[in-house]
Amino acid sequence: MSILFAGGVAVAYASTVIGLHRLNVRRMRAQAGGFPTLRRLDWQSLLAGLLPAPDGPVADGPPELPPLLRAPPPKDAEARHAMLTAIVSGASVEPARFESAGFSGGESQWLTTLALAQARPHDALDRLFSSRPGTSAEVYLREHLFLQHRVNPLNLELSVFATKRRLAAALGRFADAPTLYFARAQASAQLGFNQAVLDDLARAVYFSRHAPFYLKVITELPWVGEARPALYQQCIALLTAAPSA
């Protein structure tokens, strides 16, 4: 009976600790409004190198389209531009058409993964976990999808810390990739580690050389203006100075 009693006390204590921890997570996430902008995907980084430099200025367009696709398609790259736009927009894309549009075999493999990330994210995750990533973009997409689709209340802490370990290893390989800091901010947000979120968002802004994507992630999250006003005001100033950078 004493063993059962002791076991019951231990279970009750553990449940209380976990319950208090989860309440604190909810409280901290609520302070930041749930971190809505951290769920965005940095398509500009994921599509880097797949198109020549744009021929003209960036135009207004759907916010999910990165600047790369809101500029006029470069000469002789119209088919590639249209294919990438379809993937980002979530349209159905036939992988067999990638090479005919002018992409290499390796690029076609990556585009297949990106298309799966839109249509069947769990299949894309299995694909990304099946081999060692060769680029920081692969790591970023893998961890973004993992945090969005594989983390649940039963595995929250273990999954988030596993993500952080993988990102730490990736930062050792791909030094100072802004997407990896952004993914780490996403992981910290899952547990309400608000100060760690701010630190990594600031790093993403710095190492991306003030990319508009990261500036907007911060400026469209009003909580940052309260929690770290200097960072918030700096990002607003950078966006105002170069709105189409």
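Structure: above.
Residues numbered from 1 in each chain as written. Predicted model: local features only at pLDDT ≥ 70, side-chain atom pairs only at ≥ 80, totals over all residues. Heavy atoms only, no water.

Some thoughts on the overall build of the chain
Just so we agree on the cut-off: Secondary structure counts use DSSP, requiring at least four H or I residues in a row for a helix and at least two E residues in a row for a strand, with both numbered from the N terminus. Buried residues are those whose accessible area, probed at 1.4 Å on protein chains only, stays under 20% of the maximum for their type, while exposed residues exceed 50% and partly exposed ones sit between those limits. In this description, accessible areas are obtained by the Shrake-Rupley approach with a 1.4 Å probe, and a residue is regarded as covered only by the protein chains that are shown.
Within the chain, the regular secondary structure consists of 13 helices and 0 strands. Along the chain, from the amino end to the carboxyl end, the secondary structure elements read α-α-α-α-α-α-α-α-α-α-α-α-α. Each of the 245 residues in the chain was classed as buried or not, and the buried ones make up 42%. Accessible surface, the chain as shown: approximately 12700 Å² in total, 59% of it carbon and sulfur.

A few points about the packing of aromatic side chains
Rule in force here: Two rings from Phe, Tyr or Trp (for Trp, the six-membered ring) form a pair when their centres are within 6.5 Å of each other. A pair whose planes differ by under 30 degrees is stacked, one over 60 is edge-to-face, and the rest are tilted. Criterion for a charge above a ring: Lys NZ or Arg CZ within 6 Å of the ring centre, and within 35 degrees of the ring normal.
Scanning all chains against the criterion turns up 8 aromatic pairs. Plain terms: the ring middles of Tyr-181 and Phe-207 are 5.5 Å apart, the flat faces sit at 15° to each other, and that makes the pair stacked. Of this pair, Tyr-181 sits in helix α9 (residues 178-190) while Phe-207 sits in helix α10 (residues 194-207), and the two are 26 residues apart along the sequence. Centre to centre, the rings of Phe-182 and Tyr-214 are 5.4 Å apart; their planes meet at 75°, and the pair counts as edge-to-face. Here the residue Phe-182 occupies a position in helix α9, and Tyr-214 occupies one in helix α11 (residues 212-219), the gap between them amounting to 32 residues. Each of the two residues, Phe-182 as well as Tyr-214, counts as buried. Seen from the ring of Phe-146, Arg-166 lies directly overhead, with NZ or CZ sitting 4.7 Å from the centre.

Quick notes on the pattern of salt bridges
Worth spelling out the cut-off: Basic side-chain nitrogens of Lys or Arg form a salt bridge, by our definition, when they fall within 4 Å of a carboxyl oxygen of Asp or Glu.
Taken as a whole and assessed by the stated rule, the structure comprises 8 salt bridges. Residue Asp-126 is joined to Arg-150 by a salt bridge in which the shortest nitrogen-to-oxygen separation is 3.1 Å. Residue Asp-126 is found in helix α6 (residues 121-129), and its partner Arg-150 is found in the loop between α7 (136-149) and α8 (156-173); the two are separated by 24 residues along the sequence. For Arg-150, a relative accessible area of 25% gives the class partly exposed.

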